[in-house]
Structure formats: structure tokens, C-alpha cells
Amino acid sequence: MVKVEILLFATLRRYHPRGEGEGSQAFTLQLESNTNLSQIYAVLGIPGEEVKMNFVNNRHQSPDYQVQAGDKIALFPPIAGG
Amino acid sequence: MAKFLRVNMTDLTVDVSTAPAKYSKLGGRGLTSNLISAEVSPECHPLGPNNKLVFAPGIVTGTAAPSSGRISVGAKSPLTGGIKESNSGTPFSQSLARLGYKAIVIEGQPENKEDLYLLKVTEDDAELVCANELQGKGAYETVTNLNEQYERYDVCCIGPAGERKMTMAGICFNDPEYRASRYSGRGGLGAVMGSKGLKAIVVEKGGCPITPINEDVFKEGQRKLVEGLRSHGVTQPGGTLNTFGTAALINVLNQAGGLPTRNFREGVFEGAEKISGEYMAEVIKERGGAGMTGHACHPGCVIRCSNVYPRPDGSDHVSCIEYESAWSLGANLGVDNLDHVAEMIRICNDVGIDTIEAGVTLGVAMEAGLAEFGDGEAAIELLREIGKGSPLGHILGNGAGFTGRAFGVVRVPVVKNQAMPAYEPRAVKGIGITYITTPMGADHTAGYTIAPEILGVGGQLDPLDPRDKVELSRAFQAVTAFVDSSGYCLFITFATTDIPSATEGMVETVNGVLGTEYTPDDVVQQGLEILRLERTFNEGAGFTNKDDRPPEFMRYEKLPPHNHVYDVPDEELDEVWDF
Ligand code: SF4
């Protein structure tokens, strides 16, 4: 099992396990050691097409990235600006 | 027929005439840069009588095309010493276009440097009126006064910083509710307006919507573009721009390790959440009152990324908190109090200064020990000095480069003396190429490679990889030069980059208005021609490849958390201009 920390942003905050009111708070998940990011979406009930950007420890990763113990994961919907 | 309004501030005369045929297919940046290149000596003093200030709506501005109420303001910049186009979204531009004006050209300089004037523009005529009673007035009071005095006119003005010819002074336009909030902020063009003794311009509302030469082509293009904007996750109603504003980027760049923090010392800010778009939207909802997200800077924008931020009692504090300002006056100063940030944006809007240059200047001032990083109240006090016009205010008001020299600071994040925006080049290598090579001085909007490097729009590249970013930056710079000419907001490109039919739609609306048959490829060529013209002007002003370089500290100081220096080699930077 591996333990990871997760942050959700923008419209994804409604999928926070403790409810949208806690949306900005980090939470931890205990996962099987070969879990990838898209499996985390499923655990949280996030439809895959709603996630546009995954950052793990400040680096971009694709949905098939396999999580490691202690990873800090940030999930974003499509966002842009200037 | 499209008209030119020439205003001679030396003899205080105005002339309305048919626009020269050679400019008939141009608008926005294409027009301002062509006109400045043709009529202004690159060697002139930017604040002297030989500089010209040009206002030009875009090609499709004034039509029913979505998100197209943009204006370009051009001149030789007193901040960079090179050519400048600074862009804003405002009903002023739509009114100017609908009265049939392709451009207003302000020339010369009054003999009596004390006098201030207002330019009143109607459909067939224009007149200069004494505006000495507005001397020293902030932009808020100026816009409110002029709105009372000239009902059904849109307003453009400068604040005290422009009157004092400070190089961070911008040019202010009204939003649809007559807030002094929409800025052509960059490059010190407010100082050029001040140097001409012009405090304000009012333009009569009304006029006729522009009739496209080829109505069917225009309508088909409009339909495709609107469809694209309404279906893309970023630009659609209820999408992230509409719901959270551009400040939703604060958390994104923070997670990417590319949010410049405490004067570009770090790439992650521990207080990011408190200045983010998500937090801002929550505060707006909680406080209610005048607060709103989904605000439009001009009627007809379907994206509506702007906002009104309320005070705790619900009254209107400022419009708007955008990413650049939340960063420059927040993370860049180590400030995590959004009410302090809002107050600083309000001061900038009122004094009439660019929020990016102002924030970066305060960061340099903090580096110099004038205040502690993180102290929002001290930052507010420093900013007020600019409005007061104190000796310190004059140093700060002349920007980050000037302030760095005044206080012996080495870590000064500028290119061509213009402050860097909210993306750390050491963490996002392509945007650095844009900052360094654009003729505008450090400017993210000149070629927004952040789209593929960070946001996954138009592909997904590794932001830390310095390789193969030259062509990317050049391509973005070319498309941008055209979009800035079209009158469209640059934010339509998030949809057009991903949706080919939306790009076709954009080009078709331009073809409809002009009666041309441009293809998307032609548009890129046109953008390249504009870039070449701007580059040539800068060469005439004395710029060489040696000016296309990052600030030296970025070559040897590693930026946490990725601990990269800026590692795109000089030779590659020079290749941007091999076309
Ligand atoms: S997207 Fe935002 S900046 Fe662009 S035109 Fe609309 S409101 Fe203005």
C-alpha cells in the first residue's frame, strides 16, 4: 500500500471526499502500490474527461502515471487565462 | 468610408479624413505598428513632439463578432525605447469603430506644458476642449466626471502617473458600467499621452454596426467561432474563465513550480490558495453585494472572464482581479491577503499605472529593503507614493528597471526594461523565449506558449525542457500579432487552437468584413510581417540581438523547486528571427 496526498482545484473541488466546503483542503488516500492516476479519478468519482492537468510533485504527469509513496498530486480541469 | 482622425497637439487642430488606402485592410496592432513605423522616427524621444500615439480598433471590432471589442494603442515606448502595442477590451473601441474611425492619431505637443486637453469625438467631427479642471485627478474621478458631463460617450483617460510622464503609466478605458478599469497598461503609453497634454478622450456612443462587405461569409464565420467558444472547456459559459476568472491560473502555476514568488526567488508560493481564482470566487459569493464573476469587459463578449471584487460590506472594491495582478501584487510580494491585493489594484487603476510593472517594481523595492516581503500594508503605502508624486514615488513610478538601478538591486526581472509577467522562465522555458525576443519587452501575451507548455491546450510539452521551443514561440508570436490586429480577445485562441473550425470561423469573419480571401496560413504570414516591421523599428532605435537576452541572474541563480537556471542558449534565442 502507498499513501499519497491529493489536492483538487476549480470545478473538481465538488468531488472532495469531505464535500465541496472542504474543497481546498489536501487529503490523503491509501492505495494499492500499482495504482495509476486514472484509477484515482475513479476512486473519487471524477469522470476522466473532466481532468485536464495532473501535477505530481510539481511535475506534469499523464493519467497512466503509477503513484509512489508520498506523492503530492494536484488535479485540475481545463484552465487557461493570461 | 473608414476615417482617420488626426489630432495635432502643437497647433491644437483636428482633421477628419478618409483613411489612406494602404491602411484599408489593417486594424488593431497591424495598423498601429505600420503607422508608427511609417511616421515615427525610431530615434525620437518617446516623450518629445515627434512621437505619435495611435488608437486603433481591430478589424472586426464594432461588428457582432463575439469577444471583439478590443483596442490597440501604439507608440514608441518610453519604458522600453522600442515600438509598443498595448491592447485592451472596452466599449470605447466598439464606439470608435461604429463611428467609422479606423484610427485616432495624436501628434505634436502643446507649447504650454501646463495645459491639459480633452478630445471629444463625434461621428463627423472632433474638438479639443480645455481640461485643466481634471489636472491631478485619479482615473476613477475622471471617468465619473466625464460620464456625468458627456452622457452616452465612452471614455479614455490617464491618471496622475501619466500626467507626470512616469514610464509605468497606462491608458485607462471605461468598462460597460463606467468603471475606470480597462487598461492598455504596458509600456508606459500613459506617459506618451501625458506628454501630449491629453488627459482624456470621449467618444460618442451609437454609430452604426460595421457592415461586412461579404455578409454571408461573415455570418458563417461568426457561427463557427461562437460554436467553438461555447464548446471549449475553458471558454464556454460556466467554464473556468467564466467561473473563476484568469486567476484560476494561480494554483496551476504554483503546482508547476512556475509562480514567481518574492521577486522571482522561488517558484512556489505557500499562500497561493488565498490569492487564487477559486478563493476569489468564494469570497465574491459569500460577500455578495456588488461582487460578481462572469463580468464582460465590453458588450458582446461570450467568454466573460472579468469580475467585480466586493469589500466585506458588499460594496464595489475593484474590477477586476485577474491572474497577472493577483500574482504581481500578491505572490510576487509574498502577500496572501486578497483584500490587500484588491486595494493595490484599485490604487493602480486610479493612479493610472500598469499592475504588472507596479507589482514587479514593488518586488524590487522589497528586495532593496524598502519593505518586508509579505507586508501588504507596507506595499500599499509604497504604492501610494506613486500617486503622491513624491521623490520616492517618481523612482517607483518609472518601473522595475529604474528602481533596481536607483537602489543597486541585481535581481531585476526585466527584458528591454519591461517587467516580466506571472510565469517564471526558469520553470517554463518557451515563455521565456517569448519574453526575451518579442519586440515588446517582457510580455506573456506576445506569444503565449503557456497553452501547450502548462495548460495542455494545443498539445502537451514539458515546460522544463529548453529544446525545440524556438519555433513554438515564433509561431505563437505570429498568430498573436494577427489576433491583436483582428480585434478579437486573445482568449479566443484557447478555443481556436484546439478546434480547427473555430479558427476557420475567426478568419472568415475577417474575410467577411474586409472582402478578402485569407486562409489560416495567410494569417500566420501576416503576423510574421507585423513582427518583422516591429523588429526593424527596434533596430532603428538601436536594439541588437544582445537585447534579446534574459536578465543575467536567471542564468546563474537556480529557481526552486526545480532548481533550473534559464538554459535556452543565446544562439537559439537569435533563431527566433530566422524567417
Ligand atoms: S474574455 Fe475577458 S478580457 Fe477577453 S474580451 Fe472577454 S471579458 Fe474581456
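Cut-offs applied
Residues numbered from 1 in each chain as written. Chains lettered and ligands numbered in written order. Predicted model: local features only at pLDDT ≥ 70, side-chain atom pairs only at ≥ 80, totals over all residues. Heavy atoms only, no water. Helix = DSSP H or I, 4+ residues; strand = E, 2+ residues; numbered from the N terminus. Polar contact = N/O pair within 3.5 Å; in protein donor to acceptor, adjacent residues only side chain to side chain. Contact = heavy atoms within 4.5 Å. Phe/Tyr/Trp six-rings, centres within 6.5 Å; stacked < 30°, edge-to-face > 60°. Buried < 20%, exposed > 50% of the residue type's maximum accessible area, 1.4 Å probe, protein only. Lys NZ or Arg CZ within 6 Å of the ring centre and 35° of its normal. Pairing = 2+ DSSP bridges. Near = heavy atom within 4 Å. Nonpolar A, V, L, I, M, F, W, Y, C, P; charged D, E, K, R; others polar. Axes fitted to C-alpha atoms, helices over the stretch in contact; angles between N-to-C directions. Buried area = accessible area lost by both parts, 1.4 Å probe. Salt bridge = Lys/Arg side-chain N within 4 Å of Asp/Glu carboxyl O.

A. Layout of the side chain of Glu453 of chain B. Mapped onto the fold, Glu453 of chain B is located in helix 17 (residues 450–455). Here Ile431 of chain B takes part through its backbone nitrogen, which lies 3.1 Å from a polar atom of the side chain of Glu453 of chain B. Apart from the residues within four sequence positions on either side, Glu453 of chain B is in contact with His60 of chain A together with Val428, Lys429, Gly430, Ile431, Gln460, Leu461, Pro463, Lys469 and Leu472 of chain B.

B. The arrangement of the packing of aromatic side chains in detail. All names here are of chain B. Evaluated as defined, the whole model comprises twelve aromatic pairs over all chains. With centroids separated by 5.3 Å and ring planes inclined at 55 degrees, the aromatic side chains of Tyr323 and Tyr423 adopt a geometry described as tilted. Of this pair, Tyr323 sits in helix 10 (residues 323–328) while Tyr423 sits in the loop between strand 17 (418–419) and helix 16 (429–437); the two residues are 100 residues apart in sequence, bridging distant segments of the chain. Given the relative accessible area of 0%, Tyr423 is considered buried. Taken together, the ring pairs in this structure connect Tyr323, Tyr423, Tyr448, Phe491 and Phe494 into an aromatic cluster. Lying over the aromatic face of Tyr101, Lys3 brings its terminal NZ or CZ to 4.5 Å of the ring centre. The ring of Tyr140 is capped by Arg346, whose NZ or CZ atom sits 4.1 Å from the centre of that ring.

C. Local environment of the pairing of strand 11 (residues 180–184) of chain B. Residues and elements named next belong to chain B. Counting buried residues along strand 11, five of its five residues qualify, which places the element largely inside the surrounding structure. Examined bridge by bridge, strand 10 (residues 171–174) and strand 11 share four bridges and lie antiparallel to one another. Bridged to Phe173 within strand 11 is Arg182. The loop that links strand 10 with its antiparallel partner strand 11 comprises five residues; one of these, Tyr178, has a positive phi angle of about 60 degrees.

D. Quick peek at the site of the ligand. Around the ligand, a shell composed of Arg70, Cys297, His298, Cys301, Ile303, Arg304, Cys305, Cys489 and Phe491 of chain B is seen. Grouping the constituent residues of the shell around the ligand by class yields six nonpolar, one polar and two charged.

E. View of the sheet that holds strand 6 (residues 101–107) of chain B. Residues and elements named next belong to chain B. Spatial ordering of the open sheet is given by 2-1-6-3-4-5, a layout of six strands whose pairing is mixed. At either margin of the open sheet sits one strand with a lone partner, and together these are strand 2 (13–18) and strand 5 (83–89). Along the sheet, successive strands turn relative to each other by an average axial angle of 15 degrees, direction set aside. When strand 1 (residues 3–8) meets strand 2, the two strands line up antiparallel, connected through six bridges. Each residue of the ladder has a partner; that of Phe4, found in strand 2, is Ser17. Taken strand by strand, helix 1 (residues 28–39) contacts strand 1, strand 3 (53–57), strand 4 (70–76), strand 5 and strand 6, and its axis lies near 20 degrees from that of strand 4.

F. Here's a closer look at the interface of chain B and chain A. Contact with chain B, which involves 34 residues of that partner, is made by 20 residues of chain A. With both chains or domains summed, chain B and chain A bury close to 2100 Å², and 62% of this area falls on carbon and sulfur atoms. Taking the shortest distance from any N to any O, the salt bridge between Glu273 of chain B and Arg13 of chain A comes out at 2.8 Å. Our enumeration of links across chain B and chain A arrives at eleven residue pairs in polar contact (both at pLDDT 80 or more). Mapped onto the side of chain B that touches chain A, the elements with two or more residues apiece are helix 7 (240–244), helix 8 (249–255), helix 10 and helix 17 of chain B. When residues in the side of chain B that touches chain A are grouped by element, the largest group, five residues, is from helix 8 of chain B. For the side of chain B that touches chain A, the residue count by class is 18 nonpolar, eleven polar and five charged.

G. Representation of unusual backbone geometry in the model. The omega torsion across Ser319 of chain B and Cys320 of chain B is -5 degrees, close enough to zero to call that bond cis. With respect to the helices, strands and loops of the structure, Cys320 of chain B is situated in the loop between strand 15 (316–318) and helix 10. Going from Pro560 of chain B to Pro561 of chain B, the amide bond is cis rather than trans, its omega being 5 degrees. Note on placement: Pro561 of chain B falls in the loop between helix 22 (553–556) and helix 23 (570–575). Positive phi, close to 50 degrees, is recorded for Asn57 of chain A, a residue that is not glycine. Here Asn57 of chain A shows up in the loop between strand 3 (53–56) and strand 4 (59–61). Of note in this structure, Asn263 of chain B is not a glycine but carries a positive phi near 55 degrees.

H. Main features of the sheet that holds strand 12 (residues 198–204) of chain B. Residues and elements named next belong to chain B. With mixed pairing, the six strands of this open sheet are ordered in space as 8-7-12-9-10-11. Since the sheet does not close on itself, it has two edges, and those belong to strand 8 (126–130) and strand 11, each with one partner. The mean inter-strand angle of the sheet, taken between neighbouring strand axes irrespective of direction, is 25 degrees. Where strand 9 (residues 153–157) meets strand 12, five bridges bridge the pair, whose relative direction is antiparallel. Paired with Val155 across the strands is Val202, a residue of strand 12. Contacts from helix 3 (residues 139–149) reach strand 7 (117–121), strand 9, strand 10, strand 11 and strand 12 within the one sheet, and its direction differs from that of strand 9 by about 155 degrees.

From the geometry alone we can't say anything about function, so treat these as descriptive.
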